[in-house]
Amino acid sequence: MDHEPIIAGTPADLLAISRKDEATATIVHAGGEIDMSTAPLLSGALTELESAEERPARVVLDLGDVTFMSSDGLKVLNLHERRFAELGIGFVVVAAQRAVVHILEITGMSDVLTVVPDVERALALR
C-alpha cells in the first residue's frame, strides 16, 4: 500500500521568512511552522545578520504568524540569543500566537529571552 505524505512540499513551503531594516532594528518575520525541517531556514536567516559586514544594533524576531514551533525552534532561539549577546546585538522575540507563547513559557525560554506581544513594543524597547 502506498502512503500519501501528510505534509507535502519543501521546508520553504512550510516557513516563510522575510527581513526589514528599520532605523533602530532589523525585523525578521517568520510565518508558518518551525520544526526539524524548517528550523535551519530560520537559523540561516539569523546567522546572516551575525556575519553581516554592518551588523544591526538589535534584531526583532517576529513570530507573530508562526502556528507551530517544536523544540528545534527553541534550539534556534537559544543559540542565536547567545550569539547575539556575544556580539552585542540586542535580541527581542515577538510572540503572539498561543502555540508559540505556550512553548516559550513551559520550557522557561520566556525567562531567558526578551518576549513581547507585538513588533511595536519590540521597537519601543531601549
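Residues numbered from 1 in each chain as written. Predicted model: local features only at pLDDT ≥ 70, side-chain atom pairs only at ≥ 80, totals over all residues. Heavy atoms only, no water.

**Quick look at the pattern of salt bridges**
Put simply, the rule is: Each salt bridge in this description consists of a side-chain nitrogen of Lys or Arg and a carboxyl oxygen of Asp or Glu lying within 4 Å of one another. The helix and strand labels rest on DSSP assignments: H or I over at least four residues marks a helix, E over at least two residues marks a strand, and numbering proceeds from the N terminus.
Under the criterion given, the structure shown has five salt bridges. Residues Arg 83 and Glu 50 are paired through a salt bridge, measuring 3.3 Å at the closest nitrogen-oxygen approach. Placement of the pair is Arg 83 in helix α3 (residues 71–87) and Glu 50 in helix α2 (residues 39–50), with a sequence separation of 33 residues.

**Considerations on the pairing of strand β3 (residues 58–69)**
For clarity, the cut-off: To sort residues, take the accessible area from a 1.4 Å probe on protein chains only and compare it with the maximum for the residue type: under 20% means buried, over 50% means exposed, and anything in between is partly exposed. Seen with its strands pointing away from the viewer, a crossover is right-handed if its path from the first strand over the helix to the second goes clockwise.
Here β3 lies mainly inside the structure; nine of its 12 residues are buried. Handedness of the β-α-β unit built from strand β2 (residues 26–34), α2 and β3 comes out right-handed.

**Considering the packing of aromatic side chains**
Heads up, the condition is: Within 6.5 Å between ring centres, the rings of Phe, Tyr and Trp (the latter by its six-membered ring) count as paired, and their orientation is classed by plane angle as stacked under 30 degrees, edge-to-face over 60, tilted in between.
Per the counting criterion, the structure on display carries one aromatic pair. Between Phe 84 and Phe 91, the ring centres sit 5.0 Å apart and the planes meet at 45°, which makes this aromatic pair tilted.

**What about the confidence of the model for the protein chain?**
Basically, it comes down to this: Within a predicted model, pLDDT stands for the predictor's per-residue confidence, ranging from 0 to 100. Residues are treated as being in contact if the distance between any of their heavy atoms lies within 4.5 Å.
Per-residue pLDDT for the protein chain has a mean of 91; in total, 90% of the residues score no lower than 70. By mean pLDDT, the top-scoring element of the protein chain is strand β4 (residues 90–94) (98), and the lowest-scoring one is helix α1 (residues 11–14) (72). In this model residues 3–8 is a low-confidence stretch, pLDDT under 50, and it forms two contacts with partners more than four residues away in sequence or in other chains.

**Regarding the environment of Glu 81**
In this fold, Glu 81 is placed in helix α3. Along the backbone, Glu 81 and Phe 91 are 10 residues apart, and their C-alpha atoms lie at a distance of 6.4 Å. Setting aside residues no more than four positions away along its own chain, Glu 81 makes contact with Phe 91, Val 112 and Leu 113.

**Some words on the nonpolar core**
Spelled out, the test is: Definition of nonpolar core: a set of buried residues of the types Ala, Val, Leu, Ile, Met, Phe, Trp, Tyr and Cys, connected through side-chain atoms within 4.5 Å.
Counting 27 residues, the largest nonpolar core has Leu 63, Met 69, Leu 77 and Leu 104 as its most contacted members. Residue assignment for this core shows that the elements contributing at least two residues are β2, α2, β3, α3, β4 and α4 (98–106). Per element, the largest residue contribution to this core is five residues, and it comes from β3. With sequence-adjacent residues up to four places away left out, Leu 104 is seen in contact with Met 69, Leu 74, Leu 77, Ala 95, Met 109, Ser 110, Leu 113 and Val 115. The next biggest cluster of nonpolar side chains, apart from the first, holds eight residues, and it includes Ala 25, Val 60, Val 119 and Ala 122.

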